[in-house]
Every structure is written in structure tokens, then in C-alpha cells.
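Here is what each chain is made of, one letter per residue.
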Amino acid sequence: MSATGADMFRLDGKVALVTGGSGGIGKALGVGLGLAGARLGLTGRSQEKLDANAAAAAAAGCADVETFGDFDLTDPGRPAALVEAVAERMGGIDILVNVAGLNRRKPALEFPEEDWEVVMNPNLKAVFFLSREVARLWIEGGRDAESDGKGKIINIASLAGAIGIPEIAPYAASKLGVVAITRTLGVEWAQEAICVNCIAPGYHETPMTIAQGIFDNPKIGPWVRSRIPMGRLGTTEDLVGPAIYLASPASDYMTGQTVFVDGGFEAG
């Protein structure tokens with residue numbers, strides 16, 4: 001690795017594809033990577049929200065932002081179509097950030113069977129198959145670590161995959177699955193100039209958690225705050241630094257790992 005100091009964390013000219021680009025975490029990570037020099041490809045289910053987040057990224061100073069809507073990554077063939085579209089329009093892909101996901105809260109005895117795949121497909125299936133298609137692009141294209149740099153895949157898991165939290169069993173299972181996929185692909189592709197790592201957020205204020213009223217719930221809110229050693233909820237911006245590190249040359253000797261960004265919750 002030739003870069004040193006602050007240059008180790010620069011992403012100038014790299015193309016970063018961010019799923020869940022229409023949401024709060026996707027927006028924050030996209031802006032962070034863009035300000036570190038990356039060219040951004042944002043994908044998500046809502047074109048209106050994608051356009052709004054792309055405009056916000058441009059206003060923040062990101063130089064090159066493209067949006068890719070209308071890709072349901074749980075459908076067969078759509079991950080490959082997305083990779084093809086991004087590579088064609090942006091000249092390749094160097095970084096993949098798998099953010100897209102959702103949750104359904106219900107006691108296990110009441111959880112509808114039909115909602116199992118509603119949670120599992122975007123949270124786990126899409127992560128695997130999109131990662132596979134991006135890796136295929138790199139491996140079959142002959143990506144070279146010396147000239148092209150390492151390909152970086154960053155998955156978003158959750159504290160819920162490491163501790164027991166009531167009423168989110170399918171979500172927790174999907175996020176623990178993301179950790180397992182990260183480990184497996186990190187080992188499998190270690191010789192292919194590809195690093196696969198994972199960020200596991202704790203309790204962060206995001207549009208999804210705010211909409212669900214988690215932190216205003218008199219049963220859940222006080223318990224959550226009492227368990228965080230740093231004494232505060234996380235923000236989406238708290239995830240940006242780890243994402244830049246995992247996307248940059250600074251983490252070139254790191255793969256298959258999960259970094260908890262949770263204010264010390266999991267360690268406590």
C-alpha cells in the first residue's frame with residue numbers, strides 16, 4: 001500500500017454503489033464516501049427519495065452522483081442487471097455498500113409466515129446475490145490489487161444479530177446471517193483482491209427507528225438508553241467514519257470482520 005497518512009482514507013475516482021440510497025443510513029454513508037472522493041451510485045425503491053438524497057449529496061459537495069431506481073434486488077436477475085447498469089454508466093464499480101433492509105416487529109407467536117420472506121429477502125438474499133454479482137464483475141474482469149486497488153464490499157448488519165431483543169426474531173436472524181455471509185465471502189474471496197467486511201450499528205436515530213417510535217416507547221426507550229455506556233443514541237453520521245475506513249486502502253489487510261458501532265452496547 002503506497003498511500004500514507006490521511007491519503008490512506010481517500011477514495012478519489014472510486015465508484016461506490018450504495019443500496020438503500022433512498023433511506024437515512026444510505027444517504028449518510030453516500031455523502032460520507034462522496035466527500036472522501038468517491039463517485040456515487042445510489043439505488044433504492046423510491047425514485048423520489050433517491051433524487052432528494054442525490055440532490056442533498058450534491059449540495060454537500062459530492063462531485064458525481066447518479067441514481068439507479070427500479071431495481072428490486074430480491075427478484076432473480078435484478079442484481080446482475082443493476083451491476084451491469086452501474087458499470088456501464090459509471091465505468092465500473094469499486095465499492096459496494098449493502099445498506100437496504102427493513103424490519104417487522106411482532107411477538108414470535110404472532111409473526112405472520114408470509115412476512116418472513118418480506119424481511120429475509122431484502123435483508124439477506126439481496127445482500128448475497130448483489131455481492132456475488134459485483135464480485136463476478138471484479139473476478140471475471142481481472143481486477144488487480146496493485147493497479148486497481150482492492151474491491152471493497154461493506155455490509156450493514158445490526159446489534160440485533162448479537163444480542164437477544166424481543167419481537168424481532170426474523171430481523172435478528174437476517175442480520176446474523178449477514179455477519180455469516182461476510183465471514184464466508186471474506187475468506188472465499190481473500191485471494192481475489194476483494195475485502196468483505198461488515199458494520200453492525202446499535203441503536204441509532206434513523207428515519208426507520210423514529211417512524212417506529214422505538215425510543216419513545218416507555219418500555220423500550222429507557223431500557224435502550226440505560227444499556228448504552230456512552231449515554232446517547234447513535235446518529236447516522238456515527239457510521240460514516242467506519243464506512244470510509246472499510247472502503248479505503250487503510251483496511252486492505254482486513255476481511256471477514258464485523259465492526260460494532262453501538263456506543264459500547266455489545267461490549268457492556
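Heads up: the structure comes first, above all this text.
Residues numbered from 1 in each chain as written. Predicted model: local features only at pLDDT ≥ 70, side-chain atom pairs only at ≥ 80, totals over all residues. Heavy atoms only, no water.

Its boundaries defined by the atoms lining it, the largest pocket holds a volume of some 1100 Å³. What lines the largest pocket is a set of 46 residues, and nearest its centre among them are Val99, Ala100, Gly101, Leu102 and Met208. Breaking the lining of the largest pocket down by element, the ones donating at least two residues are helix H1 (24-35), helix H4 (114-140), helix H6 (169-188) and helix H7 (207-211). When residues of the lining of the largest pocket are assigned to their parent elements, the largest contribution, four residues, is made by H7. Here the residues of the lining of the largest pocket are counted per class, giving 22 nonpolar, 19 polar and five charged. (1 Å grid on protein atoms, 1.4 Å probe; cavity = no way out; pocket = protein on both sides within 12 Å on 5 of 7 lines; lining within 4 Å. Points joined across faces, edges and corners; volume = space filled by probe spheres on them. Helix = DSSP H or I, 4+ residues; strand = E, 2+ residues; numbered from the N terminus. Nonpolar A, V, L, I, M, F, W, Y, C, P; charged D, E, K, R; others polar.)

Before going further, it helps to spend a moment on the nonpolar core. Leu11, Leu29, Leu33, Val97, Val99 and Ile199 are the most contacted members of the largest nonpolar core, which has 30 residues in total. For Val99, the contacting residues outside a window of four places in its chain are Val18, Thr19, Gly20, Ile25, Gly26, Leu29 and Ile156. Grouped together as the second largest cluster of nonpolar side chains are 22 residues, Leu130, Val134, Leu185 and Trp189 included. (Core = buried A, V, L, I, M, F, W, Y, C linked by side-chain atoms within 4.5 Å. Buried < 20%, exposed > 50% of the residue type's maximum accessible area, 1.4 Å probe, protein only. Contact = heavy atoms within 4.5 Å.)

With that settled, the discussion passes to the sheet that holds strand S1 (residues 15-18). With parallel pairing, the seven strands of this open sheet are ordered in space as S3-S2-S1-S4-S5-S6-S9. Every other strand in the sheet has two partners, leaving strand S3 (65-68) and strand S9 (258-261) as the edge strands with one partner each. Strand-to-strand twist in this sheet, taken as the mean axis angle between neighbours without regard to direction, amounts to 20 degrees. Direction of pairing for strand S6 (residues 194-201) relative to S9: parallel, over a ladder of four bridges. Its bridge partner being in S9, Pro201 is matched across the sheet by Val261. Of the strands in this sheet, strand S5 (151-156), S6 and S9 touch H6, which is tilted by about 160 degrees from S6. (Pairing = 2+ DSSP bridges. Axes fitted to C-alpha atoms, helices over the stretch in contact; angles between N-to-C directions.)

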